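Listed below are the residues making up each chain.
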Amino acid sequence: MYFIHAIAEAKIKEAERNGEFDDLPCKGRPIEYEDDSMIPQELRMAYKALKNAGYLPPEMQLTKDIHSALDLLEHMEDEKERYVQMQKVNILFERIKSTRGKKISIDAEDDYYKSIVERITLHSKKLKG
C-alpha cells in the first residue's frame with residue numbers, strides 16, 4: 001500500500017507545481033464537512049452512497065415532504081384544496097411518528113403548530129384582503 005500512496009503523493013505534488021489546482025472553484029474557502037454524527041458508523045457509507053445517488057433515508061424524505069406540503073398549503077387559496085393538503089400533512093406527521101416510535105408533539109400548545117397556523121392564517125388574510 002505504501003507504493004500506491006507514494007505514487008499518489010508524487011502525482012499530487014506534480015499537479016500542484018504545474019498550477020493545476022490554481023483555478024479550482026472552492027479555492028481559499030474552508031471545506032464544509034457534513035455532520036453525520038447522528039448516523040451509526042456502520043451505516044454512514046451506505047447513507048452517503050444513497051445521498052449521492054439522490055435518495056434520502058425514509059425519515060428525512062418524510063421531513064422534506066412535510067416542508068413541501070406546508071409550503072404548498074401556505075399558497076393555496078381554495079378552502080377544499082387547503083383541507084386536503086392539511087390532511088396530507090397530518091398523514092406525513094403520523095408516518096414520521098410511527099417510524100420514530102415516539103410521540104411527535106403537534107397539538108395546539110406546541111410552538112411549531114402555532115407558527116404553522118399563524119403563517120397559514122396570515123396568508124389567508126392576505127389572499128382575502
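Remember, predicted model here, so these are calculated numbers, not experimental data. (Residues numbered from 1 in each chain as written. Predicted model: local features only at pLDDT ≥ 70, side-chain atom pairs only at ≥ 80, totals over all residues. Heavy atoms only, no water.)

A short note on the overall build of the chain
The test is simple: Counting from the N terminus, the helices are DSSP H or I runs at least four residues long and the strands are E runs at least two residues long. Accessible area is worked out with a 1.4 Å probe on protein chains only. A residue is then buried under 20% of its type maximum, exposed over 50%, and partly exposed in between. For this analysis, residues touch if any pair of their heavy atoms sits within 4.5 Å. Only the protein chains shown count as covering a residue, and every accessible area follows the Shrake-Rupley method with a 1.4 Å probe.
Secondary structure assignment for the chain yields 5 helices and 0 strands. Across the 129 residues that make up the chain, the buried fraction comes to 16%. Long-range pairs, those at least 24 residues apart, make up 45% of the contacts in the chain between residues at least 6 apart in sequence. For the chain, the exposed surface amounts to about 11,100 Å²; the carbon and sulfur share of it is 57%.

Comments concerning the nonpolar core
The following threshold applies: The criterion is simple. A nonpolar core is a set of buried Ala, Val, Leu, Ile, Met, Phe, Trp, Tyr and Cys residues joined through side-chain atoms within 4.5 Å.
In this structure, L62, I66, A69, L70, L73, V89, L92, F93, I96, I116 and I120 together form the largest nonpolar core, which totals 11 residues. Of all the secondary-structure elements, those providing two or more residues to this core are α3 (58-75), α4 (79-100) and α5 (111-128). Per element, the largest residue contribution to this core is 5 residues, and it comes from α3.

Re helix α2 (residues 41-52)
Put simply, the rule is: Between the first and last residue of a helix there are one fewer steps than residues, each counted as 1.5 Å, and that sum is the expected span.
For α2, spanning 12 residues, the distance from its first C-alpha to its last is 17 Å, which sits close to the expected 16 Å at 1.5 Å a residue. Just past α2, the residue G54 takes up positive phi, approximately 95°.

Quick look at the environment of N90
As for its placement among the helices and strands, N90 is situated in helix α4. Classification of N90 as partly exposed rests on a relative accessible area of 32%. Separated by 24 residues in sequence, N90 and I66 place their C-alpha atoms 8.9 Å apart.

Side note on α3
To be explicit about the condition: Arc, as used here, means the arc of the directions from the helix axis to the C-beta atoms.
Compared with an ideal rise of 1.5 Å per residue, which puts 18 residues at 26 Å, α3 spans 26 Å between its outermost C-alpha atoms and is within 8% of the ideal. Buried within α3 are the following residues: L62, I66, A69, L70, L73 and E74. Buried residues of α3, seen end-on, are gathered within an arc of 135° and therefore sit on one face of the element.

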